[in-house]
Amino acid sequence: MADNDIPAEIRKMSFEEALDELKAIVGKLEQGQGTLDSAIGDYDRGAALKRHCDAKLREAQAKIEKISLAADGSVSSEALDVE
């Protein structure tokens with residue numbers, strides 16, 4: 001899904017802020033608090049927060065590099081395969 005599917009105020013959030021709000025929404029939904037309409041709105045916001053967190057994690061993963069030191073002392077780096 002494209003970043004365009006994520007509301008602008010969520011795109012501005014850090015990973016930690018979005019994750020904290022997502023945890024709060026999940027807790028609220030698990031406890032059955034609120035009306036059906038508010039639960040649907042919370043679910044939609046939670047889905048957007050999850051997409052944002054996923055995008056932030058993919059962005060961070062793309063920046064991770066494996067740094068290697070060769071026997072002759074030279075240093076090289078390559079993309080780290082974390083899968």
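These figures come from a predicted structure and were not determined experimentally. (Residues numbered from 1 in each chain as written. Predicted model: local features only at pLDDT ≥ 70, side-chain atom pairs only at ≥ 80, totals over all residues. Heavy atoms only, no water.)

Trainee: Honestly, the side chain of His52 in this entry has me stumped. Any pointers?
Mentor: Structurally, His52 can be placed in helix α3 (residues 36-63). Only 2.8 Å separates the side chain of His52 from the backbone oxygen of Met13, close enough to count as a polar contact. Beyond its immediate stretch of four places on either side in the chain, His52 contacts Ile6, Ile10, Arg11, Met13, Ser14 and Ala18. (Helix = DSSP H or I, 4+ residues; strand = E, 2+ residues; numbered from the N terminus. Polar contact = N/O pair within 3.5 Å; in protein donor to acceptor, adjacent residues only side chain to side chain. Contact = heavy atoms within 4.5 Å.)

Trainee: Even after reading the chapter, I still don't get the environment of Ala48, so can you show me in this structure?
Mentor: The topology assignment puts Ala48 in helix α3. Overall, Ala48 belongs to the buried group, its relative accessible area being 3%. In this structure the C-alpha to C-alpha distance between Ala48 and Leu22, which are 26 residues apart in sequence, comes to 9.2 Å. The residues touching Ala48, leaving out its near neighbours within four places in the chain, are Ile6, Pro7 and Ile10. (Buried < 20%, exposed > 50% of the residue type's maximum accessible area, 1.4 Å probe, protein only.)

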